[in-house]
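Residue-level structure breakdown
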Amino acid sequence: METQEESDHVQSRGLFPTVYPKDGQDQAVIRRLELDVAEAAGAAARAVTVTGAQIAVAGVGVLDPIENWSLMSAPKALFTPHEVRTTAARVRGRLSTMISEAEAAAESETPGFAPSELHEVIWTAAAAHWTTHQYRVAVREASEALTVHWKERLGRNDVDDTVFWQQSLSPGEPELGRPKLAWPGDPTDKTNRSMRGGMEPLAKALNSLATGLNLTVRNVATHTRDELTEQEGMERLAAYSYFARLLDQCGIRRAKEAEPGPPAGGPGPGV
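Keep in mind that this is a model prediction, so the values were computed, not measured. Numbers given to residues run from 1 along each chain, matching the order in which its sequence is written. Confidence filtering applies because this is a predicted model: local features only for residues at pLDDT of at least 70, side-chain atom pairs given and counted only at 80 or more, and all residues used for totals across whole chains, interfaces and linings. With hydrogens and water stripped out, all remaining heavy atoms of the structure feed into the side-chain values.

Digging into the nonpolar core
Of all hydrophobic cores here, the largest spans 27 residues; its most connected members are Ile-122, Leu-146, Trp-150, Trp-165 and Leu-237. The contacts of Trp-150, once residues within four sequence positions are left out, are Phe-164, Trp-165, Leu-181, Leu-247, Asp-248 and Ile-252. Among buried residues, the Ala, Val, Leu, Ile, Met, Phe, Trp, Tyr and Cys ones that are joined through side-chain atoms within 4.5 Å form a nonpolar core. The rule is simple: take the accessible area with a 1.4 Å probe, protein chains only, and divide by the maximum for that residue type; under 20% is buried, over 50% is exposed, in between is partly exposed. Ranked by size, the runner-up nonpolar core spans 14 residues in total, among them Ala-47, Ile-66, Phe-79 and Val-91. Here, residues are in contact when the closest pair of their heavy atoms is within 4.5 Å.

What about the environment of Phe-164?
Residue placement: Phe-164 occurs in helix H5 (residues 161-169). Placed 13 residues apart in sequence, Phe-164 and Lys-151 show a C-alpha to C-alpha distance of 7.7 Å. Only DSSP runs of H or I reaching four residues or more are called helices, and only runs of E reaching two or more are called strands; each is numbered from the N terminus.

A look at the packing of aromatic side chains
Working definition: a ring pair exists when centres of Phe, Tyr or Trp rings (six-membered ring for Trp) sit within 6.5 Å. Plane angles under 30 degrees give stacked, over 60 give edge-to-face, the rest tilted. Under the defined criterion, the tally for this structure stands at 3 aromatic pairs. Judged by centre distance (4.6 Å) and plane angle (65°), the ring pair of Trp-130 and Tyr-135 falls under edge-to-face. Taken together, the ring pairs connect Phe-164, Trp-165 and Phe-243 into an aromatic cluster.

Observations concerning the layout of surface pockets
Throughout, the protein atoms alone are placed on a 1 Å grid, and a set of points is a cavity if a 1.4 Å probe fits but cannot get out or a pocket if it is open with protein on both sides within 12 Å along at least five of seven lines; lining residues have an atom within 4 Å of a point. Grid points are joined across faces, edges and corners, and a volume is the space filled by probe spheres set on the points. For the largest pocket, the calculated volume is near 600 Å³. Around the largest pocket sit 25 residues that line it, and Met-1, Val-37, Trp-69, Met-72 and Val-84 are the ones nearest its centre. Within the residue set of the lining of the largest pocket, elements represented by two or more residues are strand S2 (19-21), helix H1 (27-51) and helix H2 (81-107). Tallying contributions element by element places H1 first for the lining of the largest pocket, with 7 residues. Charged means Asp, Glu, Lys or Arg here, nonpolar means Ala, Val, Leu, Ile, Met, Phe, Trp, Tyr, Cys or Pro, and polar covers whatever is left, Gly included. Its residues assigned to classes, the lining of the largest pocket shows 17 nonpolar, 4 polar and 4 charged.

Here it is in structure tokens:
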């Protein structure tokens, strides 16, 4: 950055880069420095994912400011130097906390638990709050993220969360606009026949699990300000992670639209 002039979204009016070379700088030197930064950013990419330090950009989605640092020099820059530095500092702080906790767990001779190994949807939503010890918020965000994930996949933004899980995991045939999740596979396969034979109780179990988690975990976490302990938060996130992995094994069944029948009245005379 010693070779660059720094700006922000206000000064650039949202249309121009937030960094540009200072007068008199050697472009060859700048290109070499850019390659060094790109290599360091690549090495840091996993750390950003593990710590959940991404930034939501309106109209674009959730991005890693460190990996995408070069967008500062593009027109309509998505990030500013301050945002990239802040993200790097946030990552270092969260990693430091995670390292301390891992070392403490190792010293206690208790088997370690790595929340970053939870289901991707669950941990991505919970990470930013978990690493700052906001366990209640982490559980709430994980719950909402899983529901939003499956609502989007099934195209069901027309119902409340509890009703969504009840309808999507109930036994029976899907209806138009109401797809269902079911165990996939060749029905003639012996293993699949066994799974399909147990689908109704399995669907009821998944339905009960979804409804129960939504009512006893998600709703309670939303409606109360009582903080969870780390153990309580961990157990709840683990339940959601297990549920998410079960859902990943299911297939999506959709009702087929009825084919149009022959026109009424039949053929006319002489046909």
